[in-house]
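Chain by chain, the residues run as shown.
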Amino acid sequence: MPVQLDAVPETLLWTLYHRAAEARRPDAVLRDPRAVQLVEAIHFPFERRFGRAAPVLAQWQALRAACFDREVRRFARHHPGGTVVALGEGLETQFWRVDQSTVRWVSVDLPETIALRRELVPADPRVRLVACSAADDRWLEEVDTSAPVLVTAQGLLMYLTRPEVHRLLATCAARIRAGGIVFDAVSPRMRDRSARQPPADAQTYRPPRWTWAIDRRERRAIRGITGLADLETLRLPRGRGFAFRFLVPLVQAAPPLRNGLLSILRARFGAQRRS
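To keep things clear, this report deals only with the structure shown in the data block. (Residues numbered from 1 in each chain as written. Predicted model: local features only at pLDDT ≥ 70, side-chain atom pairs only at ≥ 80, totals over all residues. Heavy atoms only, no water.)

**Quick word on the nonpolar core**
Nonpolar side chains tend to gather and get buried jointly when the protein is soluble and globular. Of all hydrophobic cores here, the largest spans 34 residues; its most connected members are Val 85, Leu 87, Trp 139, Val 151, Leu 157 and Leu 228. Of all the elements in the fold, those that place two or more residues in this core are β1 (83–87), β2 (104–109), β4 (149–153), α7 (162–175), β5 (179–185), β6 (228–234) and β7 (263–269). Top contributing element to this core by residue count: α7, with five residues. Val 72, Phe 95, Val 186 and Leu 236 belong to the second largest nonpolar core, which has 26 residues in total. (Core = buried A, V, L, I, M, F, W, Y, C linked by side-chain atoms within 4.5 Å. Buried < 20%, exposed > 50% of the residue type's maximum accessible area, 1.4 Å probe, protein only. Helix = DSSP H or I, 4+ residues; strand = E, 2+ residues; numbered from the N terminus.)

Dropping the structure here:
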């Protein structure tokens, strides 16, 4: 199937491409056969557009996905009747990687991306597709908030503005009785580097500019959102090779170093509301 996307929606093809590249390895850190199938089914010049998938970058993407998978499995184990809401899910195949036959799933993304999922990704009676921006809280109307809900936002919030991020977190915390959110965020240094545009004749793919970042001050601001509690930084699983087996875990154990990279964070809903 031919696919044509640009700007932020195109990043879903970039992440899919690298996840599939890692999944093809016999020693892959993430088993994702559906990602491989999707890359083979989509008529898109992946290598010409994104370059040859670098093993280090592919493994990094896979380990990030594996960290989110771990949190979803943890939630499903403790709340088998709960709902996972995947904001900005793109062509993620997490539902099939973590499915325990009980959890319900809501996939939220822009209309063009949801249309693509309908074409390419198999339907399932426990999966509901919602076509709207994650920053538009209409998607909450499709979620049963009487049971615990885990919201995931992988590779999404850095493309929103700070007011949009805070509004999203505050709205979720106000309307979801129990559960939590897992999201990733870049450092201010990474955000600022993304603003440096390549030369006009450069052929190298550059993702859209990141607009929101997190540092110690921003962490304090998020901790102050009513109904949100226990904000903590999660660690990537150990990977393959010296860097991902030893160096990255060492960096993650040292906050001054860890905070300069992409962070994956988890927070809980249901904290005592202030009147």
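**Focus: the packing of α7 against helix α9 (residues 216–223)**
Two elements in contact, α7 and α9, have axes whose closest approach is 11 Å; the angle formed by their N-to-C orientations is 35°. Considering the relative orientation of α7 and α9, their crossing is right-handed. Residues Arg 162, His 166 and Leu 169 of α7 touch α9, and the partners they reach there are Glu 218, Ala 221 and Ile 222. Classifying every residue of the contact of α7 with α9 gives three nonpolar, one polar and two charged. (Axes fitted to C-alpha atoms, helices over the stretch in contact; angles between N-to-C directions. Left-handed = near helix turned anticlockwise from the far one by under 90°. Contact = heavy atoms within 4.5 Å. Nonpolar A, V, L, I, M, F, W, Y, C, P; charged D, E, K, R; others polar.)

**Describing a nonpolar patch on the surface**
A cluster of nonpolar residues, Phe 242, Phe 246, Leu 247 and Leu 250, forms a patch on the protein surface that exposes about 460 Å² of accessible area. Secondary-structure assignment places Phe 246 in helix α10 (residues 241–252). (Patch = residues over 30% accessible without salt bridge, like charges linked within 9 Å, V, L, I, M, F, W, Y side chains within 5 Å. Areas by Shrake-Rupley, 256 points an atom, 1.4 Å probe, with all protein chains shown as cover. Salt bridge = Lys/Arg side-chain N within 4 Å of Asp/Glu carboxyl O.)

**Considering the pattern of salt bridges**
Tallied over the entire structure, the rule returns 24 salt bridges. Ionic pairing is found between Arg 52 and Glu 47, a salt bridge with its closest N-O pair at 3.4 Å. Here Arg 52 falls in the exposed class, since its relative accessible area comes to 68%. A relative accessible area of 43% places Glu 47 in the partly exposed class. The partner of Arg 266 in a salt bridge is Glu 71, with the nearest N and O atoms 2.5 Å apart. Pair noted here: Arg 266 is in strand β7 and Glu 71 is in helix α4 (residues 55–78), with a separation of 195 residues, a long-range link. Counted as one network, the salt bridges with shared partners bring together Arg 19, Asp 32, Asp 69, Glu 92 and Arg 97.

**Section: the packing of aromatic side chains**
A full pass over the atoms with the stated rule returns 10 aromatic pairs. Ring geometry for Phe 46 against Phe 50: centres 6.4 Å apart, planes inclined by 50°, an arrangement best described as tilted. Here Phe 46 pairs with Phe 50, and both are found in helix α3 (residues 46–50), just four residues apart, close to one helical turn. Comparing Phe 46 with Phe 50, the two get one shared label, buried. Counting every residue linked through ring pairs, the aromatic cluster contains Tyr 17, Phe 44, Phe 46 and Phe 50. (Phe/Tyr/Trp six-rings, centres within 6.5 Å; stacked < 30°, edge-to-face > 60°.)

**Re the environment of Thr 11**
Considering the arrangement of structural elements, one finds Thr 11 in helix α1 (residues 7–23). Assessed through its relative accessible area of 15%, Thr 11 is described here as buried. When the C-alpha atoms of Thr 11 and Phe 75 are compared, they prove to be 27 Å apart, with 64 residues separating the residues in sequence. Among all residues touching Thr 11, those that are not within four sequence positions of it are Tyr 159, Tyr 205 and Pro 208.

**A closer look at the sheet that holds strand β3 (residues 127–131)**
Sheet architecture is open: seven strands sit in the order β3-β2-β1-β4-β5-β7-β6, paired in mixed fashion. The strands lining the two open edges of the sheet, one partner per strand, are β3 and β6. Across the sheet, the mean angle from the axis of one strand to that of its neighbour is 15°, orientation sign disregarded. For β1 and β2, the ladder comprises five bridges, and the chain directions are parallel. Bridged to Val 85 within β2 is Val 106. Lying on the sheet, α4 is in contact with β1, β2, β4, β5, β6 and β7; it crosses β4 at an angle near 175°. The sheet strands contacting α9 are β6 and β7, and the helix crosses β6 at an angle near 145°. (Pairing = 2+ DSSP bridges.)

**Things to note about unusual backbone geometry**
In this structure, Asp 230 takes a positive phi of about 60° despite not being glycine. Looking at the element boundaries, Asp 230 is found in strand β6.

**Quick look at the pairing of β6**
Burial analysis of β6 places five of its seven residues in the buried class, which makes it a mostly covered element. Pairing of β6 with β7 involves five bridges; the strand directions are antiparallel. Bridge pairing in β7 places Thr 233 opposite Leu 265.

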